[in-house]
Amino acid sequence: MGSIPADFTLWLGDSPTTYTEHPAHIETEDMIYSDMQQAVSDISTGLYGEQVFPSLGNHDHYPKDQIKLPPNNFFGSIYKMWAHWLPSSVADTVLAAGYYTAEVVPGLRVISLNTDFCDTANIFAVLNQTDHGSQWAWLNETLATAQARGEKVIVIAHIPPGLIDLVPVPNWVNFCVETYNTLMDEYAGVIAIQLFGHLHYDTFRVIRDAAGRPVSTAHVVPALTPRAASSTGLAPPTPGKNPAVRLYHYDTDTFQILDYDQYWADLVAGNEQGELKWELLYSAKDYYGLPDLAPSTFATLAERLRADAETWAAFSDVWFVRRPYDACDAACRLHAACAAAWTDPDAFFECTRHL
């Protein structure tokens, strides 16, 4: 995999290696910043100067999830870490609230959002659901400008919209879901792709308009981190995932996303052999039998997850990056399919009523 060239790299947040769900583990602010600085250094060294566009994760600050609302001096530390990758034009919005836009090449730009202001685990965001740091007003203006210039936009962020597959809990507060879906509908023709992380596993979210028609797709990309999740009381523990990296193919003239290749490394074998061997896990169009990567195609794929055993078997094989999740029963499968199909909580729960 190391020999495959990439035009640029999108880093979807969450750097600290110190994070653990063990109740005896104690994080400190210095530990978080040290881990982030090490991650930035490793990525800069490993990519040999390739352009990197980062986004902020919910574990990239202390304490986790509880990022304070602007003004917040924390963003100055983030800017110092990111500044060597990004143009100086991003300074105002990164320093203000941790989001930015930057041109990749003429005609294509990245918008990196700070979804910590939407996090349902962030008490500050839950109790005060408004446009923190004026991010949504800025996003509306930035997308309108891109549309007027004939540009295409890659949206990146850490926490995806919608609900968690295994637990009926929204990732975002309602204000963010409603605002974001409205903007993705209004500027659907501008959006080349949306990319999110956070969940560590491989799935997607169909963004729909007010009438329920698919208008865009949020790709939820599996992580490098082989994180396992303990039981929440609402769902059984999930297995540790194998490390994963994704490579997207796009038309360099139109910036249409054509396909993607999902790579993985067998962590057990890597530990036994003393090194990780990266291999192609699947290519999306071939693996799922997709004609393209259009929103309507992913909406159909979400329906196939519910109705077609073969499609579900293929999905579940790569869901946790070749780690079996034997605890996923019929209700679990329904939740995963409905979470992929709907980001609106009411629509999700309506979907789950029809097994």
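Everything below is about the structure shown above.
If you're wondering where the values come from, they're calculated on a predicted model, not measured in any experiment. (Residues numbered from 1 in each chain as written. Predicted model: local features only at pLDDT ≥ 70, side-chain atom pairs only at ≥ 80, totals over all residues. Heavy atoms only, no water.)

Student: Whenever I open this one, empty space enclosed by the protein confuses me. Can you help?
Tutor: A water-sized probe rolled over the atoms picks out the places where empty space is left. Counted by the stated rule, this structure contains one cavity of 30 Å³ or more. For the largest cavity, the full set of lining residues is Asp202, Thr203, Phe204, His219, Arg246, Tyr260, Tyr282, Tyr288, Phe298, Leu301 and Phe315. Where the lining of the largest cavity is concerned, the elements lending two or more residues are β7 (203–208) and α9 (295–307). The residue inventory of the lining of the largest cavity, partitioned by class, reads seven nonpolar, two polar and two charged. (1 Å grid on protein atoms, 1.4 Å probe; cavity = no way out; pocket = protein on both sides within 12 Å on 5 of 7 lines; lining within 4 Å. Points joined across faces, edges and corners; volume = space filled by probe spheres on them. Helix = DSSP H or I, 4+ residues; strand = E, 2+ residues; numbered from the N terminus. Nonpolar A, V, L, I, M, F, W, Y, C, P; charged D, E, K, R; others polar.)

Student: Please clarify how the environment of Val245 should be interpreted in this entry.
Tutor: In this fold, Val245 is placed in strand β9 (residues 244–250). We classify Val245 as partly exposed; its relative accessible area is 24%. In this structure the C-alpha to C-alpha distance between Val245 and Gly162, which are 83 residues apart in sequence, comes to 23 Å. (Buried < 20%, exposed > 50% of the residue type's maximum accessible area, 1.4 Å probe, protein only.)

Student: Is there a simple way to think about the sheet that holds strand β4 (residues 108–112) in this case?
Tutor: By way of backbone hydrogen bonds, the strands of a sheet pair with one another, either parallel or antiparallel. Pairing is mixed in the open sheet, where six strands are placed in the order β3-β4-β5-β6-β8-β7. The open sheet has two edge strands with one neighbour each: β3 (100–105) and β7. Along the sheet, successive strands turn relative to each other by an average axial angle of 25°, direction set aside. Where strand β6 (residues 191–196) lies against strand β8 (residues 214–220), three bridges are found, and the strand directions are parallel. Following the sheet pairing, Leu195 is matched in β8 by His219. (Pairing = 2+ DSSP bridges. Axes fitted to C-alpha atoms, helices over the stretch in contact; angles between N-to-C directions.)

Student: Whenever I open this one, the side chain of Asp202 confuses me. Can you help?
Tutor: Looking at where Asp202 falls in the secondary structure, it is placed in the loop between β6 and β7. Given the relative accessible area of 4%, Asp202 is considered buried. Within polar-contact distance, the side chain of Asp202 engages the side chain of Arg246 at 3.0 Å. In contact with Asp202, other than residues within four places in its own chain, are Val220, Pro222, Arg246, Gln262, Tyr282, Phe315, Val318 and Trp319. (Polar contact = N/O pair within 3.5 Å; in protein donor to acceptor, adjacent residues only side chain to side chain. Contact = heavy atoms within 4.5 Å.)

Student: What is the right way to read the state of the cysteines from this model?
Tutor: By definition, a disulfide links the sulfur atoms of two cysteines through a covalent bond. Here the structure, examined in full by the defined rule, presents three disulfides. There is a disulfide in this structure between Cys328 and Cys332, and the S-S distance comes to 1.9 Å. Taking the sign of the S-S torsion, about -95° here, the bridge from Cys328 to Cys332 comes out left-handed. Neither Cys328 nor Cys332 differs from the other in exposure class; each is buried. Numbered by order of appearance in the sequence, the disulfide-linked cysteines of the protein chain pair as 1-2, 3-4, 5-6. (Disulfide = S-S within 2.5 Å.)

Student: I'm lost on the packing of α9 against helix α10 (residues 309–319) in this one. Help?
Tutor: The packing of two helices is summarised by the inter-axis angle and the distance between the axes. The N-to-C vectors of α9 and α10 enclose an angle of 105°; their axes lie 6 Å apart at closest approach. Compared by their axis directions, α9 and α10 come out roughly perpendicular. Here α9 contributes Leu301, Arg304, Leu305 and Ala307 to the contact with α10, which in turn contributes Ala309, Thr311, Trp312 and Phe315. Broken down by class, the residue content of the contact of α9 with α10 amounts to six nonpolar, one polar and one charged. (Parallel < 35°, antiparallel > 145°, perpendicular 65-115°, else oblique.)

Student: Just to check I follow, could you spell out the nonpolar core for this structure?
Tutor: Across soluble globular proteins, nonpolar side chains show a tendency to be buried alongside one another. Core analysis: the biggest nonpolar cluster contains 101 residues, and Tyr180 and Trp319 have the highest contact counts within it. With six residues, helix α2 (residues 74–82) is the single largest residue contributor to this core. Apart from the residues within four sequence positions on either side, Trp319 is in contact with Asp165, Leu166, Tyr201, Asp202, Trp312, Tyr325, Cys328, Cys332 and Ala336. If you look at the next biggest cluster of nonpolar residues, it comprises six residues, including Leu334, Cys338, Phe348 and Cys351. (Core = buried A, V, L, I, M, F, W, Y, C linked by side-chain atoms within 4.5 Å.)

Student: Looking at this structure, I do not really get the packing of aromatic side chains. What am I missing?
Tutor: Aromatic rings in a pair are described by how distant their centres are and how their planes are angled relative to each other. Using the criterion set out here, one finds 28 aromatic pairs in the structure. Between the aromatic rings of Phe315 and Trp319, the centroid separation amounts to 5.5 Å while the plane-to-plane angle is 35°, which identifies the pairing as tilted. Here Phe315 and its partner Trp319 are both found in helix α10, four residues apart, which amounts to about one turn of the helix. Trp319 carries the same exposure label as Phe315, and that label is buried. Linked through ring pairs, Tyr201, Trp312, Phe315, Trp319, Phe320 and Tyr325 together constitute an aromatic cluster. Above the plane of the ring of Trp264 lies Arg322, whose end atom (NZ or CZ) is 5.7 Å from the centre. (Phe/Tyr/Trp six-rings, centres within 6.5 Å; stacked < 30°, edge-to-face > 60°. Lys NZ or Arg CZ within 6 Å of the ring centre and 35° of its normal.)

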